[in-house]
Amino acid sequence: MHIASMTGFARVEGKADLANLKYDWAFEIKSVNGKNLDIKFKLPSFLDSLSLELKEIAAGYFSRGSVSVFLELNSQLLDKQPQVNVDLLHQLAEAAVDVSSRYGDKFRAPSLGELLALPQVVEFVDKRLDETQLEALKKALKDSFMNACEKLQEARLAEGDKIKGALLDIGAKINKVVAQIEVLFDKLPQKIKEGLQSRVAELSGDLPPISEERLAQEIVLYVTRADIREEIDRLKAHMKTFSELLKASQPAGRRLDFLCQELNREANTTCSKSMDITLTNLGMELKALIEQLREQVQNME
């Protein structure tokens, strides 16, 4: 399985010529950790309807993460085009000629440039895309966005390879600690017996010796209280599931996060039942490793 991180960044540029008009754009996609797939778009207002189609494309590549998409679009279609108010220009020109003829050399007739510079003579209006051009632009943008998603996926997979290496390393350490706990637990009954015998010998003094039967009962009581066989078996079973999930073909971040909770539960119980300082220390080491595992897992898709 290729493990994917939920963090990554990609930038893809594109361009197109439609009806002798040039377009250029850049998609920037950034993703960070998130419980679910949350995609937010920042697009030019006339392309707002495109966000639904782009969201469907992104959902085909990613299952988790908070994804931000920004589109920078530059095009002649977005520039305002000049439009001359010919009727107003003619009226102004006739008025200027009339005034000039009345005052002669005292009044110079304005030039064409001066007339064009007057308010409302030249207006700038948006040149709109027709339906065919708009659909062609949307198709080109969707193809470019798909390319951006592929690059973001590559970035997330590259980061995921690092996470997988860390998970395997931490998992090996957890298995080692669980094995040490199991060995220590197998020796616990004899250790408890020796400890009780030594303690009884110290405290008994001139008192009658305690029978072997009574001592055996006490040993059984202590061993029962400190019995962590079920916890050890569950820890081993959880770590087997951990290895299987790392090989799964589908994203396993959610399941691994839940598994870390179960591992931590067993580690807590192991520490609470411990009657041996060495076992307690191993339990605390186990909890620290599980926390490291959880931190890595929370970055996974």
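From a predicted model like this one, the values you see are computed outputs, not experimental measurements.

### Quick look at the overall build of the protein chain
Assigned secondary structure in the protein chain consists of nine helices and six strands. Split into buried and exposed, the 301 residues of the protein chain put 35% on the buried side. Excluding contacts between residues fewer than 6 apart, the proportion of contacts in the protein chain whose partners are at least 24 apart in sequence is 82%.

### Details of the packing of helix α1 (residues 50-59) against helix α4 (residues 131-186)
At a minimum axis distance of 10 Å, the contact between α1 and α4 shows a crossing angle of 30 degrees. Our classification of the angle between α1 and α4 gives roughly parallel. Classified by chirality, the crossing of α4 by α1 is right-handed. Of the residues in α4, those in contact with Leu 50, Glu 53, Leu 54, Ile 57 and Ala 58 of α1 are Lys 138, Leu 141, Lys 142, Phe 145, Met 146 and Cys 149. A per-class count over the contact of α1 with α4 returns eight nonpolar, no polar and three charged.

### Quick look at the packing of helix α7 (residues 229-246) against helix α8 (residues 253-273)
Viewed as axis vectors pointing N to C, α7 and α8 meet at an angle of 160 degrees, and their least axial separation amounts to 10 Å. Taken together, the axes of α7 and α8 are roughly antiparallel relative to one another. The interaxial crossing formed by α7 with α8 has left-handed handedness. Every residue of α8 that contacts α7 at Glu 231, Arg 234, Leu 235, His 238, Met 239, Thr 241, Phe 242, Leu 245 and Leu 246 is listed here: Arg 255, Leu 256, Leu 259, Glu 262, Leu 263, Glu 266, Thr 269, Thr 270 and Lys 273. Classifying every residue of the contact of α7 with α8 by side-chain character gives eight nonpolar, four polar and six charged.

### A word on the sheet that holds strand β1 (residues 8-18)
The mixed open sheet is built from four strands, whose spatial order is β1-β2-β4-β3. At either margin of the open sheet sits one strand with a lone partner, and together these are β1 and β3 (37-42). Neighbour-to-neighbour, the strand axes of the sheet open up by a mean angle of 15 degrees, direction not taken into account. Looking at chain direction, β1 and strand β2 (residues 21-32) are connected through 11 bridges and run antiparallel. Residue pairing across strands places Val 12 opposite Phe 27, the latter belonging to β2.

### Some thoughts on the packing of aromatic side chains
Within a pair of aromatic rings, the relevant descriptors are the distance that separates the centres and the angle that separates the planes. In the structure shown here, the tally under the stated rule is three aromatic pairs. On the numbers, 6.1 Å between centres and 40 degrees between planes, the contact of Tyr 61 with Phe 62 is tilted. Judged on exposure class, the residue Tyr 61 and its partner Phe 62 are both buried. Following the ring pairs from residue to residue traces out a cluster consisting of Phe 27, Phe 41 and Phe 145.

### A short note on helix α9 (residues 277-297)
Three or four residues apart is the spacing at which side chains of an α-helix point the same way, because the helix has 3.6 residues per turn. Taking 1.5 Å of rise per residue, 21 residues should cover 30 Å, and α9 covers 30 Å from first to last C-alpha, within 8% of that figure. Taken together, the buried positions of α9 are Leu 279, Leu 282, Gly 283, Leu 286, Leu 289, Ile 290, Leu 293 and Val 297. Within α9, the buried residues cover an arc of 125 degrees as seen down the axis, which keeps them to one side. Packing partners of the buried residues in α9 comprise α4, α7 and α8. Its side-chain oxygen at 3.0 Å from the backbone nitrogen of Thr 278, Asp 276 defines the N-terminal cap of α9.

### Remarks on a nonpolar patch on the surface
Where nonpolar side chains cluster on the molecular surface, the patch consists of Val 99, Tyr 103 and Phe 107 and spans about 260 Å² of accessible area. Inspection of the secondary structure assignment puts Tyr 103 in helix α2 (residues 86-103).

### Quick word on the pattern of salt bridges
Once the charged atoms of two side chains with opposite charge are near each other, the side chains can pair. Throughout the structure, instances matching the rule amount to 16 salt bridges. Glu 159 serves as the salt-bridge partner of Lys 162, at 3.9 Å between the closest nitrogen and oxygen. Taken as a pair, Lys 162 and Glu 159 lie in helix α4 at a separation of three residues, close to a single helical turn. The class for Lys 162 is exposed, based on a relative accessible area of 58%.

### Brief notes about the pairing of β2
Two faces make up the sheet, and in a regular strand the side chains alternate between them. Here β2 runs beside strand β4 (residues 65-75); their pairing, made up of 10 bridges, is antiparallel. Following the sheet pairing, Lys 30 is matched in β4 by Ser 68.

### Digging into α1
Among the residues of α1, those classed as buried are Leu 50, Ser 51, Leu 54, Ile 57 and Ala 58. For α1, the arc enclosing every buried residue in end-on projection is 115 degrees, short of the 170-degree limit, so these residues lie on one face. What points out from α1, more than 90 degrees from its buried face, is the exposed set Leu 52 and Glu 56. Elements in contact with the buried residues of α1: β2, β3 and α4.

Rules used in this analysis
- All residue numbers refer to position in the chain's written sequence, counted from 1.
- Two thresholds apply to this predicted model, a pLDDT of at least 70 for residue-level local features and 80 or more for giving and counting side-chain atom pairs, whereas whole-chain, interface and lining totals are computed over all residues.
- With hydrogens and water set aside, each side-chain value is computed from the structure's full complement of heavy atoms.
- Numbering goes from the N terminus for both helices and strands, where a helix is a DSSP run of H or I of at least four residues and a strand is a run of E of at least two.
- Here the term buried applies to any residue with accessible area under 20% of the maximum for its type, exposed to any over 50%, and partly exposed to those in between, with areas from a 1.4 Å probe on protein chains only.
- Pairs of residues are marked as contacts when any of their non-hydrogen atoms sit within 4.5 Å.
- Angles shown run from 0 to 180 degrees and are taken between the N-to-C directions of axes, each axis being a line fitted to C-alpha atoms and, for helices, limited to the stretch in contact.
- Reported orientations rely on four angle classes, namely roughly parallel under 35 degrees, roughly antiparallel over 145, roughly perpendicular from 65 to 115, and oblique for the rest.
- Two helices crossing with the near one rotated counterclockwise from the far one by less than a right angle form a left-handed crossing, whereas a clockwise rotation gives a right-handed crossing.
- For this scheme, ten residues count as nonpolar: Ala, Val, Leu, Ile, Met, Phe, Trp, Tyr, Cys and Pro. Four count as charged, namely Asp, Glu, Lys and Arg, and the remainder, Gly too, count as polar.
- Here a strand pair is declared whenever DSSP counts at least two bridges between the two strands.
- Two rings from Phe, Tyr or Trp (for Trp, the six-membered ring) form a pair when their centres are within 6.5 Å of each other. A pair whose planes differ by under 30 degrees is stacked, one over 60 is edge-to-face, and the rest are tilted.
- Take the number of residues in a helix, subtract one, and multiply by 1.5 Å to get its expected span.
- The reported arc concerns the directions from the helix axis to the C-beta atoms and nothing else.
- Side-chain atoms alone can form a polar contact between residues adjacent in sequence; in general such a contact is a pair of N or O atoms within 3.5 Å, and within protein one must be able to donate a hydrogen while the other accepts it.
- Residues with no salt bridge and a relative accessible area higher than 30% make up the patches, which join like charges within 9 Å and nonpolar side chains (Val, Leu, Ile, Met, Phe, Trp, Tyr) within 5 Å.
- Under the convention used here, a 1.4 Å probe and the Shrake-Rupley method define accessible areas, while residue burial counts only the protein chains that appear.
- Definition used for salt bridges: Asp or Glu carboxyl oxygen within 4 Å of a side-chain nitrogen of Lys or Arg.

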